[in-house]
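Next come the chains, spelled out residue by residue.
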Amino acid sequence: MLECYDFVSVGGGSSGAVIANRLSEDQSASVLLIEAGGIENEVSDIPLIAATMQLSPLDWQYVTEPQDAACFGMSDRRSLWPRGKVLGGSSVLNYMLYVRASPHDYDEWERLGNYGWSWKDVFPYFLKSEDNRDPVFLKNGYHATGGYMTISTPPYSTPLGRAFIKAGIQMGYPNVDVNGPTMSGFMIPQGTTRRGARCSTSKAFVKPVRHRKNLHITLYSLATKIHFDHHKRARAVQFERFKVPHIAYARREIILSAGAINTPQLLMLSGVGPAHHLSHLGIKVISDLPVGQNLQDHIYTGALNFQVSPESSVTHERAFTLKNVMSFLTAGKGPLSLLGGVEGIAFINTKFANRTIDHPDIEIHYLTGAPTADGGQVFRRTQGFADELWERFYIPHLYKDGMSIFPVLLRPKSRGFVKLRTVSPYDPPVIDPKYLTHPHDVRTLVEGMKFCISVSQTPAFKAFHSKLWPEPIPGCEHYKAWSDEYLACSARTITNTIYHPVGTCKMGSKWDPTAVVDPELRVKGVAGLRVADASIMPNIVSGNTNAPCMMIGEKISDMIKKTWGTGPLHNGRQWGR
Ligand SMILES: Cc1cc2nc3c(=O)[nH]c(=O)nc-3n(C[C@H](O)[C@H](O)[C@H](O)COP(=O)(O)OP(=O)(O)OC[C@H]3O[C@@H](n4cnc5c(N)ncnc54)[C@H](O)[C@@H]3O)c2cc1C
């Protein structure tokens, strides 16, 4: 390791891995990537069991504060928040769904004063990363080949999975490419997978360039503080590797990509954050900014589970046969290639959505299996269900065939925060998403739930004898079954994250007092420091967040190259590598 680098980058996750790759394309620029975790393993390669990575050493294992308006059925009313602590970050833990979100989201970002972030500006950066292996999708003009990240369609589907698409058509929604010309509709999702196995950002962006002499990577290294000089210029990153302190100096810039929880934590530990909060903890204030505010996340309710015909769904027992394991290991095929069990996604409009534009407010995740298909080994632990909920609602369905249709609230109005718990970088911060504190959120989710129930009642699913689990949700029995009040109570009881926290270092114009970074992702009030990860999103996008985080990595890399005149900038459509 050198003492000084041109660029020092913290966090090698979905955004950070892209940045390490792109900045080191210029051989004359030295780059150090500091990553708290190690390397992914073979188990994380298997898409179907993505959830087993949670609560493992590859996970930061965060837990939210007890929720006042949600999570009533979770142990201590808390939500478990996995985040990847590994090179590749949360792209090693995620369910691999490849969704870019709605063009309207990015146009709204620009409207808020973020020049250069409209859909027409960011679209080329999605294409830049992409190597889409499915010829069917390449025809519509919205995809590219030749990028570092492989995108493919799982090579396996079940009759129930295909029924989901038919059900959509019976509900009046087309079978679409949600990343194509129209987002509203139903789809068998594409994933960040290569030959049926997970393609993390570590595999896609770091592995092929590890040999570069100007790129150094230090693993198992926890960044603990950013050091500023008297002019408030960020000069160095302090980090600890196996508790041994180190310091890396940056000649040009420091880039933080530690994710929506750890980036604000590191900024605040370094004196960048709300003055009253930092002063209270005895931290010298370098720049008084609303770091950690504006926390947003996508939630779904796991209340909508259905019985289906025997042997029609994916259960743990039937998936893990010797034949299926061999088929996956030798050819990347079979049920183990299903994206965390999510066989269908849909984007739909509730009565609250603006139907004059294509900007759905609910996403549906369809799983060809019940949460009890594994007998409670993984899903129960990773969701943190309280004993009463588990025993009364889930246990009657252990190991049985089933399917789940989960509505995801795409544009929540509730806002939470991340704060320091202590001044130790080893202590997890306080995370309070304030789920469902805004009344509009629960109303939209209820509409989404009604839609999901209708999907289950289409002829396509009736052919599989789909039927809602009959047990009432504990705590909601006093409401009339399936009334709006009952559904709202269910949503507040089984409130699950889909793991998309964003917004805690909000990007905004120079004049926006709620912004932490400017549209070029420079931290306000200091020099030489940028943030580039999920935390910069001013509003959460209406879709899954991994592809947008890779896009953020691509875009900031070009901005940095432009600033310093290093390396090639993009100038067209086909420019993956
Ligand atoms: C279980 C799960 C399922 C998901 N499913 C999907 C999905 O199917 N589709 C989708 O689009 N999105 C999904 N997501 C969300 C998506 O993966 C994330 O939004 C995205 O990966 C976030 O990228 P990021 O760069 O902001 O942070 P991360 O990818 O989390 O990267 C942050 C990196 O910084 C490192 N780091 C943190 N602090 C420090 C420090 N102090 N010093 C050094 N290194 C540090 C971390 O170890 C990590 O490697 C899922 C996420 C999870 C957790």
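Residues numbered from 1 in each chain as written. Predicted model: local features only at pLDDT ≥ 70, side-chain atom pairs only at ≥ 80, totals over all residues. Heavy atoms only, no water.

### Quick word on the environment of T368
Mapped onto the elements, T368 comes out in the loop between β19 (362-367) and α11 (379-383). For the pair T368 and G341, spaced 27 residues apart in the sequence, the C-alpha separation amounts to 6.4 Å. When residues no more than four places from it in sequence are discounted, the contact partners of T368 are T158, L160, G161, S312, S313, V314, G341, E343 and G402. A distance of 3.4 Å separates a polar atom in the side chain of T368 from a polar atom in the side chain of Y366. (Helix = DSSP H or I, 4+ residues; strand = E, 2+ residues; numbered from the N terminus. Contact = heavy atoms within 4.5 Å. Polar contact = N/O pair within 3.5 Å; in protein donor to acceptor, adjacent residues only side chain to side chain.)

### Section: the packing of aromatic side chains
Centre distance and the angle of the planes are the two values used to describe a pair of aromatic rings. Within this structure, the stated rule accounts for 27 aromatic pairs. Note on Y220 and F242: the rings are 5.7 Å apart at their centroids and 25 degrees apart in plane angle, and the pair reads as stacked. Here Y220 is found in the loop between β10 (215-218) and β11 (221-228), whereas its partner F242 is found in the loop between β12 (234-241) and β13 (244-256), with 22 residues between them in sequence. By relative accessible area, Y220 is classed as partly exposed at 41%. Through successive ring pairs, a cluster of aromatic residues spans Y106, W109, W117, W119, F123, F126 and Y142. Cation over ring: K85 sits above W60, and NZ or CZ is 4.5 Å from the ring centre. Across the ring face of F417, the terminal group of K419 is positioned such that the distance to the ring centre comes to 5.0 Å. (Phe/Tyr/Trp six-rings, centres within 6.5 Å; stacked < 30°, edge-to-face > 60°. Buried < 20%, exposed > 50% of the residue type's maximum accessible area, 1.4 Å probe, protein only. Lys NZ or Arg CZ within 6 Å of the ring centre and 35° of its normal.)

### Describing the side chain of T193
Mapped onto the elements of the fold, T193 is located in strand β8 (residues 193-194). At 2.8 Å, the side chain of T193 forms a polar contact with the side chain of S152.

### Focus on the site of the ligand
Of all residues adjacent to the ligand, which total 38 residues, the nearest are S14, E35, S90, T545 and N546. Within the backbone of V86, an N or O atom sits 3.0 Å from an oxygen atom of the ligand. Between A223 and the ligand, the recorded distance is 2.8 Å, taken from a backbone N or O atom to a nitrogen atom. Secondary structure elements with two or more residues in the shell around the ligand: β11, α7 (259-269) and α16 (546-564). Looking at the shell around the ligand, the element that brings in the most residues is β11, giving three residues. Looking at the shell around the ligand residue by residue, the classes come out as 16 nonpolar, 18 polar and four charged. (Near = heavy atom within 4 Å. Nonpolar A, V, L, I, M, F, W, Y, C, P; charged D, E, K, R; others polar.)

### Topic: the domain arrangement of the protein chain
With domains assigned, the protein chain is organised as domain 1 (1-40 + 86-154 + 198-290 + 503-568) and domain 2 (46-82 + 161-188 + 298-497). Here the C-alpha centre of domain 2 lies 28 Å away from the C-alpha centre of domain 1. The partner domain 2 presents 48 residues to the 45 residues of domain 1 that form the contact. When the buried area of domain 1 at its contact with domain 2 is split by residue, L93, Y95 and I261 rank highest and sum to 17% of it. The tally of links between domain 1 and domain 2 comes to zero salt bridges. For the interface between domain 1 and domain 2, the tally reads twelve residue pairs in polar contact (both at pLDDT 80 or more). Sorting the residues of the side of domain 1 that touches domain 2 by element identifies α2 (103-111), β11, α7 and α8 (275-280) as the ones contributing at least two each. (Domains from an automatic or database assignment. Buried area = accessible area lost by both parts, 1.4 Å probe. Salt bridge = Lys/Arg side-chain N within 4 Å of Asp/Glu carboxyl O.)

### Overview of the state of the cysteines
In a disulfide, the sulfur atoms of two cysteines are held together by a covalent bond. Tallying each qualifying case throughout the model produces one disulfide. What pairs with C476 in a disulfide is C489, and their sulfur atoms sit 2.1 Å apart. Classification of the bridge connecting C476 and C489 rests on its S-S torsion, roughly -85 degrees, and on that basis the disulfide is left-handed. Residue C476 is located in the loop between β23 (467-468) and α15 (484-493), and its partner C489 is located in helix α15; the two are separated by 13 residues in the primary sequence. Accessibility expressed as a relative area gives 0% for C476, which makes it buried. C549 supplies the cysteine sulfur nearest to C199, a cysteine that is in no disulfide, at a spacing of 16 Å. (Disulfide = S-S within 2.5 Å.)

### Some thoughts on empty space enclosed by the protein
The final tally for this structure, using the stated rule, is four cavities of 30 Å³ or more. The wall of the largest cavity is formed by L295, Q296, D297, I299, L409, P412, S414, P433, K434, Y435, L436 and D441. Considering only residue class, the lining of the largest cavity consists of seven nonpolar, two polar and three charged. (1 Å grid on protein atoms, 1.4 Å probe; cavity = no way out; pocket = protein on both sides within 12 Å on 5 of 7 lines; lining within 4 Å. Points joined across faces, edges and corners; volume = space filled by probe spheres on them.)

### Some words on unusual backbone geometry
Of note in this structure, Q61 is not a glycine but carries a positive phi near 60 degrees. Looking at the element boundaries, Q61 is found in the loop between β2 (31-34) and β3 (62-63). Classification of Q61 by relative accessible area gives partly exposed; the value is 38%. The phi torsion at K232 lies on the positive side, around 65 degrees, for a residue other than glycine. Checked against the element boundaries, K232 lands in the loop between β11 and β12.

### With respect to the packing of helix α1 (residues 16-23) against α16
A packed helix pair is summarised by two numbers, namely the angle formed by the two axes and the spacing between the axes. As a packed pair, α1 and α16 sit with axes 8 Å apart at the nearest point and diverge in direction by 30 degrees. Once α1 is placed against α16, the crossing between them reads as right-handed. Judged by residue contacts, V18, I19, R22 and L23 of α1 engage M550, G553, E554, I556, S557, I560 and K561 from α16. Here the contact of α1 with α16 is built from residues that sort into six nonpolar, two polar and three charged. (Axes fitted to C-alpha atoms, helices over the stretch in contact; angles between N-to-C directions. Left-handed = near helix turned anticlockwise from the far one by under 90°.)

### Comments concerning the side chain of H365
With respect to the secondary-structure elements, H365 resides in strand β19. Residue H365 is classed as buried on the basis of its relative accessible area, which comes to 9%. Within the structure, the side chain of H365 is placed 2.9 Å from the side chain of E363, a separation counted as a polar contact. Residues within four places of H365 in sequence aside, it is in contact with L97, V342, G344, I345, S404, I405, F406, V408, I498 and N544.

### A short note on the packing of helix α13 (residues 439-456) against α15
Relative to each other, α13 and α15 sit at 105 degrees, their axes nearing to 9 Å. Classed by the angle they form, the pair α13 and α15 counts as roughly perpendicular. On the side of α13, the interface is formed by V442, L445, V446, E447, M449, K450 and I453, while α15 contributes D484, L487, A488, S490, A491 and R492. Residue composition of the contact of α13 with α15, by class: eight nonpolar, one polar and four charged. (Parallel < 35°, antiparallel > 145°, perpendicular 65-115°, else oblique.)

### Comments concerning the environment of H246
Inspection of the secondary structure puts H246 in strand β13. Between the C-alpha atoms of H246 and F393, which are 147 residues apart in sequence, the distance is 51 Å. Among all residues touching H246, those that are not within four sequence positions of it are V237, Q238, F239 and R241.

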